[in-house]
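What follows is each chain in one-letter form.
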Amino acid sequence: MTELKIVKAVCPHDCPDTCSMVVTVKDGKAVQLKGDAEHPFTDGFLCQKVNHYLDRVYHSDRLKYPMMRVGPKGSGEFRRISWDEAIATIAGKFREIAASSDGPQSILPYSYAGTMGKLQGSSLDRRFFHRLGAALLDRTICATAGAAACDITLGTRAVIDPEMTIHSRYIINWGSNTSVTNMHLWTIMHRARKAGAKIVTIDPYQSPTAKKSDWWIPIRPGTDAALALGIMHILWRDGLQDDDYLQKYCLGAEQLRERALKEYLPNRVASITGIPVADIEKLAHEYGTIRPAFIRVNYGLQRHGGGGMAVRAIICLPAITGAWRDVGGGALLSTSKLYPFDNNYLERPDLVPPGTRTINMTQLAEALLGELPGPPVRALYVYNSNPAAICPDQSRVLKGLRRDDLFTVVHEQFQTDTADYADIVLPATTQLEHFDIHNSYGHVYVQANEPAIAPLFEAKSNNDVFRLLARKMGFEPELFEISDEELAARALKAPKSGLYPPPQAFDGIDLNRLKREGPVRLNLPKEYAPFAEGNFGTPSGKCELYSAALARQGRDPMPNYTPPHEDPQTRPDLAAKYPLQLLCPPASEFLNSSFVNIEVLRKRANEPTLEMHPADAKSRGIVDGSPVTVYNDRGSFQARAIVGTTVKPGVVVTLGVWWNSYTPDGVNCNTTTSTALTDFGAAATFFDNLVQVEAIP
Ligand SMILES: Nc1nc2c(c(=O)[nH]1)N[C@H]1C(S)=C(S)[C@@H](COP(=O)(O)OP(=O)(O)OC[C@H]3O[C@@H](n4cnc5c(=O)[nH]c(N)nc54)[C@H](O)[C@@H]3O)O[C@H]1N2
Ligand SMILES: Nc1nc2c(c(=O)[nH]1)N[C@H]1C(S)=C(S)[C@@H](COP(=O)(O)OP(=O)(O)OC[C@H]3O[C@@H](n4cnc5c(=O)[nH]c(N)nc54)[C@H](O)[C@@H]3O)O[C@H]1N2
Ligand SMILES: [Mo]
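Counting from 1, residues in each chain are numbered in the order their sequence is written. Naming scheme: in the order in which they are written, chains are lettered from A and ligands are numbered from 1. Two thresholds apply to this predicted model, a pLDDT of at least 70 for residue-level local features and 80 or more for giving and counting side-chain atom pairs, whereas whole-chain, interface and lining totals are computed over all residues. Think of the side-chain values as coming from all heavy atoms in the structure, minus any hydrogens and water.

Caption draft 1: Fine view of unusual backbone geometry. Arg 291 connects to Pro 292 through a cis peptide bond whose omega is -15 degrees. For Pro 292, the location among the structural elements is in the loop between helix H13 (277-289) and strand S12 (293-297). Put simply, Gly 656 and Val 657 share a cis peptide bond, and its omega is -5 degrees. As for its position among the elements, Val 657 is in the loop between strand S26 (651-653) and strand S27 (690-695). Although it is not a glycine, Arg 348 adopts a positive phi angle of roughly 50 degrees. In DSSP terms, a helix is any run of H or I states spanning at least four residues, a strand is any run of E spanning at least two, and both are numbered starting from the N terminus. Along the chain, the position of Arg 348 falls in the loop between helix H15 (343-347) and strand S14 (358-360). For Arg 348, a relative accessible area of 25% puts it in the partly exposed group. Accessibility here uses a 1.4 Å probe with only protein chains present; expressed as a share of the type maximum, an area under 20% marks a residue as buried, one over 50% as exposed, and anything in between as partly exposed.

In structure tokens:
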């Protein structure tokens, strides 16, 4: 008897679109997976990657059983063991380390957003490591520069309802490859364009989004704050500011106006940003006069030393013109803070022993090589992440992972570059095999993911593994013996306080409703424009153009331009050796390092490439198609040159993030990236990276 079942699932990957997926299951096997037509944002279609999610689920390379290392570290030689042996080994090692003079803080959990699910992403894992007293991980690899900048300026993320951009008439993709990294928003932008909107993209690289825009403005990497301040100069100079909005809802307009007028003259801004004065003037005038004006500010532009200041300056613009007043106006960084999940319940930060140290995940190299204060890292537990591929300063990360005295556990779906260095490998379930609930950072729906199929082979979900480990460690059952559905139901009971997240957003939403109805829109006004009348989440309740809190910390209280760490203008010494600014954003076929092992997608991406301007190629004897080496003091990687005008002279671009095991030289672009941090949020600076390029003879 054939039994057909339709299950609503949620794409778990690190992407603002958090799509709703409809899975058809036949006799216990998922046979079809497609985008949910009933989800207004997903709109019935998925990206090219997740269209192949079933290839991922049923891939012959899925990790099937727990394994223990038998060969040298990094050799990828393992033998199968039982779950009992795996859990006993890990618990035994954790107990031994916790009882040693180094203590539990020499155990480091390492996770990011392999799944964005609230349960498999950040619930029992946090409880487990908090209860153990392990080092805390500061999860800075992606978003914290902009998050910190938004908190200071707006008291929450730069947020509007992305569906409202249908009403926008001036759209700026600012450091955002929207058509690739947020493609369902791009669809709405495209519709707005049909209704008369103009689409502008500010990006040093002619990304797929820049190519499809009405106007591509190539900017010198890491100089966006100067451009934003230059726009402010022109807005104020020409009387395009909204004095009423500034006076009622903002702090420090007078001071900021003075800075912009005195310090950010168009000539100076042009020389910093490489954008001609005429274009800066035109951009400022269009932005200041066409409404609703909307800025999609994304993560790409934050990955520079001054990334926090860049976001802070950009998100001040809608306050100066009053663009926040309009439905479809304002700026969007992330909608994640609109969801009042009870994270304290899920993660139990109260269990963290006082004085526990925090390790910045961007500085894994330093942590593993014993260069940070505190006890050495003796054990590393990796899940939801692939640091051997995605972390900066890769040569040193790998050196750390090769340490014989480091005990490494990797819980994964696949034998990734990181899993190659594990002492114990544990097989993980995919999204079709476990339960979860999801917020989104790019729309305003909450969703439940029902398991469509049983776990394949011996795979276990993250939470199930932490339940086993907690049992073995003798931790309190009341903290861990709670089902995923119970955790979800309780996490939806929002604490009722504060302005952001809006405490009423979950009113009328509970787990039963999510399971019954599928995606449910947060309980927000239909035409949501949160800052139309102020209502900022800052201590003053205003948009803090001037921040007294920053002034008290001895920092610049206002937006300003902070040059990149590795900037040819301010570091001519370094640029003499390494004159090119390298950007290394993800390829459209990959999701950071996820999906590189899916054959059809890898074939489409083909091989690591380096896009460079004809002038930079010619002076190096490089022609289109030449194999090249890209290098600096930190390391080198190989790629094939694509010579063209997708970049300006002085900038080169490689798309990633390749698995090291699939590149010609066994490493990827992160051999050249640095662990230097951003000005706000201590985040990664992947795109702040000077290199030299040579043809391989
Ligand atoms: N297909 C696909 N989608 C994804 C991802 C993926 O890997 N693949 N990753 C997901 C994740 S984790 C994230 S964080 C988001 C990221 O979403 P985006 O921020 O859109 O992604 P990026 O491509 O990293 O960066 C966007 C653009 O910023 C440009 N850029 C770099 N430096 C600067 C600068 O100094 N100024 C300006 N103005 N632009 C600059 C880059 O050239 C790039 O084209 O995407 C998510 N969506
Ligand atoms: N050069 C360069 N480096 C970058 C970036 C860049 O643009 N350029 N982008 C940076 C950014 S924005 C980000 S967000 C980070 C992303 O870094 P990561 O969060 O490490 O992202 P992925 O590379 O997608 O790796 C996630 C891993 O989690 C695994 N996984 C998925 N689901 C589960 C699960 O349920 N359980 C377990 N245990 N594992 C699971 C997947 O198989 C995958 O191997 O990379 C950063 N690194
Ligand atoms: Mo990210």
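Caption draft 2: View of the sheet that holds strand S2 (residues 20-26). What the three strands build is an open sheet, ordered S1-S2-S3; its pairing is antiparallel. Looking at which strands have only one partner, the edges of the open sheet turn out to be strand S1 (4-10) and strand S3 (29-35). The average undirected angle you get between the axes of adjacent strands in this sheet is 25 degrees. One bridge is not enough; two strands pair if DSSP finds at least two bridges between them. Pairing of S1 with S2 involves seven bridges; the strand directions are antiparallel. Bridge pairing links Ala 9 to Met 21 in S2. For helices, the fitted line uses only the C-alpha atoms of the stretch in contact; every axis is such a line through C-alpha atoms, and the angle between N-to-C directions lies from 0 to 180 degrees.

Caption draft 3: Spotlight on the site of ligand 1. The nearness test applies per residue and asks whether one of its heavy atoms lies within 4 Å of the molecule or strand. Taken together, 35 residues form the shell around ligand 1, and within it Asp 203, Gly 222, Asp 224, Phe 590 and Asn 592 come nearest. Here a nitrogen atom of ligand 1 and a backbone polar atom of Phe 590 are 2.6 Å apart. Residue Asn 592 places a main-chain N or O atom 2.7 Å away from an oxygen atom belonging to ligand 1. Note on areas: these come from Shrake-Rupley sampling with a 1.4 Å probe, and a residue is covered only by the protein chains present in the view. Burial of ligand 1 by the protein chains amounts to 98% of its free accessible area of 900 Å². Under this grouping Gly is polar, as are all residues other than the nonpolar Ala, Val, Leu, Ile, Met, Phe, Trp, Tyr, Cys and Pro and the charged Asp, Glu, Lys and Arg. Of the residues contributing to the shell around ligand 1, the split by class is 19 nonpolar, 11 polar and five charged. Pairs of N or O atoms within 3.5 Å make up the polar contacts considered here, provided that, within protein, one atom can donate a hydrogen while the other can accept it, and that residues adjacent in sequence are counted only when both atoms are side-chain atoms.

Caption draft 4: Quick look at the layout of surface pockets. Buriedness for pockets is judged along seven lines, at least five of which must meet protein on both sides within 12 Å for an open set on the 1 Å grid over protein atoms alone, while cavities are sets there where a 1.4 Å probe fits but cannot get out, and lining residues have an atom within 4 Å of a point. Grid points are joined across faces, edges and corners, and a volume is the space filled by probe spheres set on the points. In this model, the largest pocket occupies a volume close to 1,200 Å³. Looking at the largest pocket, it is lined by 37 residues, and the ones nearest its centre are Lys 118, Ser 336, Lys 337, Asn 343 and Asn 439. Elements with a contribution of two residues or more to the lining of the largest pocket: helix H3 (118-121), strand S7 (136-138), helix H5 (144-154) and H15. Per-element tally for the lining of the largest pocket: the top contributor is H5, with four residues. Here the lining of the largest pocket is built from residues that sort into 18 nonpolar, 10 polar and nine charged. One number sums up the size of the second largest pocket: a volume of about 230 Å³. If you trace the second largest pocket, you find 15 residues lining it, with Ala 587, Glu 589, Ala 605, Thr 609 and Leu 655 closest to the centre.

Caption draft 5: Broad picture of the pattern of salt bridges. Counted as salt bridges are all cases of a side-chain nitrogen of Lys or Arg within 4 Å of a carboxyl oxygen of Asp or Glu. For the coordinates displayed, the defined rule picks out 44 salt bridges. We note a salt bridge from Arg 521 to Asp 161, for which the minimum N-O separation is 2.5 Å. Remark: Asp 161 occurs in the loop between H5 and strand S8 (170-174) and Arg 521 occurs in strand S20 (residues 520-521); sequence separation between them is 360 residues. For Asp 161, a relative accessible area of 1% puts it in the buried group. In this structure, the salt-bridge partner of Arg 467 is Asp 464, at a minimum N-O distance of 2.7 Å. Here Asp 464 and Arg 467 lie together in helix H19 (residues 462-473), a separation of three residues that amounts to about one turn. What emerges from the salt-bridge pattern is a single network uniting Asp 242, Asp 244, Lys 248 and Arg 325.

Caption draft 6: Molecular detail of the domain arrangement of the protein chain. What the domain assignment reports for the protein chain is domain 1 (4-57), domain 2 (67-141 + 350-494 + 504-521), domain 3 (160-332 + 531-552) and domain 4 (572-695). Domains are outlined according to an automatic or database domain assignment. Here the C-alpha centre of domain 2 lies 24 Å away from the C-alpha centre of domain 1. Applying the counting criterion to the domain 1 and domain 2 interface returns zero salt bridges. Applying the counting criterion to the domain 1 and domain 2 interface returns 15 residue pairs in polar contact (both at pLDDT 80 or more). Those elements that place two or more of their residues in the side of domain 1 that touches domain 2 are S1, S2, S3 and helix H1 (53-57). Ranked by the residues each element gives to the side of domain 1 that touches domain 2, the list is headed by S1, at five residues. When grouped by side-chain class, the residues that make up the side of domain 1 that touches domain 2 number 18 nonpolar, five polar and seven charged.

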